[in-house]
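A structural walkthrough
The primary structure of each chain is shown beneath.
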Amino acid sequence: GEEVAQTPKHLVRGEGQKAKLYCAPIKGHSYVFWYQQVLKNEFKFLISFQNENVFDETGMPKERFSAKCLPNSPCSLEIQATKLEDSAVYFCASSQAGRDSNQPQHFGDGTRLSIL
Amino acid sequence: AQTVTQSQPEMSVQEAETVTLSCTYDTSESDYYLFWYKQPPSRQMILVIRQEAYKQQNATENRFSVNFQKAAKSFSLKISDSQLGDAAMYFCAYRSGGSNYKLTFGKGTLLTVNP
């Protein structure tokens with residue numbers, strides 16, 4: 001598709017439950033990025049993929065967060081045993097190539113995760 | 001690690017006037033890219049303008065232009081002839097020119113446009 005498609009738009013979970021978010025990058029884009037935007041608007045980088053391979057996972061809280069990008073499937077971000085502090089908007093972005101700024105990151109509309 | 005600072009949490013401008021949003025960054029790299037993104041209440045992230053560090057010429061996109069001062073590590077955004085639709089959060093972002101492609105964002109500036 002021509003847009004980064006994120007589903008669902010809004011996800012509500014009770015504390016301790018699992019949450020799974022999905023992202024379909026723009027067709028032909030080989031890089032996928034996940035960012036977390038907390039209520040104070042601050043963005044935090046979580047993880048990036050080059051095709052189905054993890055490219056940079058330095059931002060991932062590895063204890064409860066995991067992510068995958070499998071061939072012919074949407075990418076996913078999964079949070080186990082959610083905590084109140086996980087409440088945020090999670091953005092997925094994709095780009096055609098990593099290095100060239102003429103191929104900027106295109107963002108999806110985000111998934112708002114609310115932990116009750 | 002690179003940091004991006006937006007010192008103005010909020011700014012306001014009268015419709016049709018000009019406003020400048022500030023952004024400074026800290027890096028030891030010589031090769032990098034800078035971006036301004038707009039986030040309206042719909043929370044979409046819209047790329048406004050981008051600048052390659054190796055280019056001396058300031059980028060311009062219609063009513064949006066930047067003042068890129070590499071030595072001062074400053075990257076301000078000027079919006080001319082402000083329109084009501086320009087009201088949004090504006091984020092300055094940095095990306096390394098090396099092998100790390102993630103974006104590092106500032107904390108944002110909320111722009112209000114008064115009719």
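Read on for a plain summary of the structure. Predicted model only: the values in this text are computed from it and were never measured. One numbering rule holds for all chains: residues counted from 1, following each sequence as written. Lettering of chains starts at A and numbering of ligands starts at 1, both following the order in which they are written. Since the coordinates come from a predicted model, pLDDT governs what is reported: local features require at least 70, and pairs of side-chain atoms require 80 or more to be given and counted, while whole-chain, interface and lining totals use all residues. Values reported for side chains reflect all heavy atoms of the structure, with hydrogen atoms and water molecules removed beforehand.

1. A word on the overall build of chain B
Helix and strand counts for chain B come out as zero helices and twelve strands. To qualify as a helix, a DSSP run of H or I must reach at least 4 residues; to qualify as a strand, a run of E must reach at least 2; elements of each kind are numbered from the N terminus. Ordered by position from N to C terminus, the α and β elements of chain B give β-β-β-β-β-β-β-β-β-β-β-β. Relative to a compact globule of 115 residues, whose C-alpha radius of gyration would be 13 Å, chain B shows 14 Å and is just as compact. Based on the C-alpha atoms only, the size of chain B along its principal axes is roughly 45 × 25 × 20 Å. Scored against the burial criterion, the 115 residues of chain B give a buried share of 50%. Each radius of gyration reported is based on C-alpha atoms, and the globular scaling rule is 2.2 Å times the count of residues to the power 0.38. Exposed residues in this analysis have more than 50% of their type's maximum accessible area, buried residues have under 20%, and partly exposed residues fall in between, with area computed by a 1.4 Å probe over protein chains only.

2. Observations regarding the layout of surface pockets
In the cavity and pocket records, a cavity denotes points on a 1 Å grid over the protein atoms alone where a 1.4 Å probe fits but cannot get out, a pocket denotes an open set with protein on both sides within 12 Å along at least 5 of 7 lines, and lining residues are residues with an atom within 4 Å of a point. Grid points are joined across faces, edges and corners, and a volume is the space filled by probe spheres set on the points. For the largest pocket, the calculated volume is near 330 Å³. Lining the largest pocket are 19 residues, with Glu 3, Val 4, Phe 107, Gly 108 and Asp 109 of chain A positioned closest to its centre. Mapped by element, the contributors of at least two residues to the lining of the largest pocket are strand E1 (5-7) and strand E10 (106-107) of chain A together with strand E6 (46-52) of chain B. When residues are sorted by character, Ala, Val, Leu, Ile, Met, Phe, Trp, Tyr, Cys and Pro go into the nonpolar class, Asp, Glu, Lys and Arg into the charged class, and all the rest, Gly among them, into the polar class. A per-class count over the lining of the largest pocket returns nine nonpolar, six polar and four charged.

3. Notes on the interface of chain B and chain A
By a frequent convention, interface size equals the accessible area lost on bringing the separate parts together. Whether two residues touch is decided by their heavy atoms; if any such pair falls within 4.5 Å, the residues are in contact. Listed as interface residues are 23 residues of chain B and, on the opposing side, 26 residues of chain A. Of the roughly 2100 Å² buried at the junction of chain B and chain A (both faces included), carbon and sulfur atoms supply 51%. Just to be clear on terms, a salt bridge is a Lys or Arg side-chain nitrogen sitting within 4 Å of an Asp or Glu carboxyl oxygen. Between chain B and chain A we count one salt bridge in total. Lys 107 of chain B is the partner of Glu 42 of chain A in a salt bridge, and the nearest nitrogen-oxygen pair spans 3.7 Å. Buried area, as used here, totals the accessible surface that two parts lose on assembly, with accessibility defined by a 1.4 Å probe and the loss added over both.

4. Structural notes on the state of the cysteines
All names here are of chain A. The criterion for a disulfide is a pair of cysteine sulfur atoms lying within 2.5 Å. This model, assessed by the stated rule, comprises three disulfides over all chains. Between the sulfur of Cys 23 and that of Cys 92 lies a disulfide, 1.9 Å long from S to S. Of note, the bridge from Cys 23 to Cys 92 carries an S-S torsion of about -60 degrees and is left-handed in sense. In this pair, Cys 23 sits in strand E3 (residues 19-24) while Cys 92 sits in strand E9 (residues 88-95), placing the two residues 69 residues apart along the sequence. In this structure, Cys 23 and Cys 92 share a single accessibility class: buried. The partner cysteine of Cys 69 in its disulfide is Cys 75, sulfur to sulfur 2.0 Å. Judged by the sign of its S-S torsion, about 115 degrees, the cystine formed by Cys 69 and Cys 75 is right-handed. When its relative accessible area of 4% is taken as the criterion, Cys 69 is described as buried.

The values reported here are purely geometric and, on their own, carry no functional implication.
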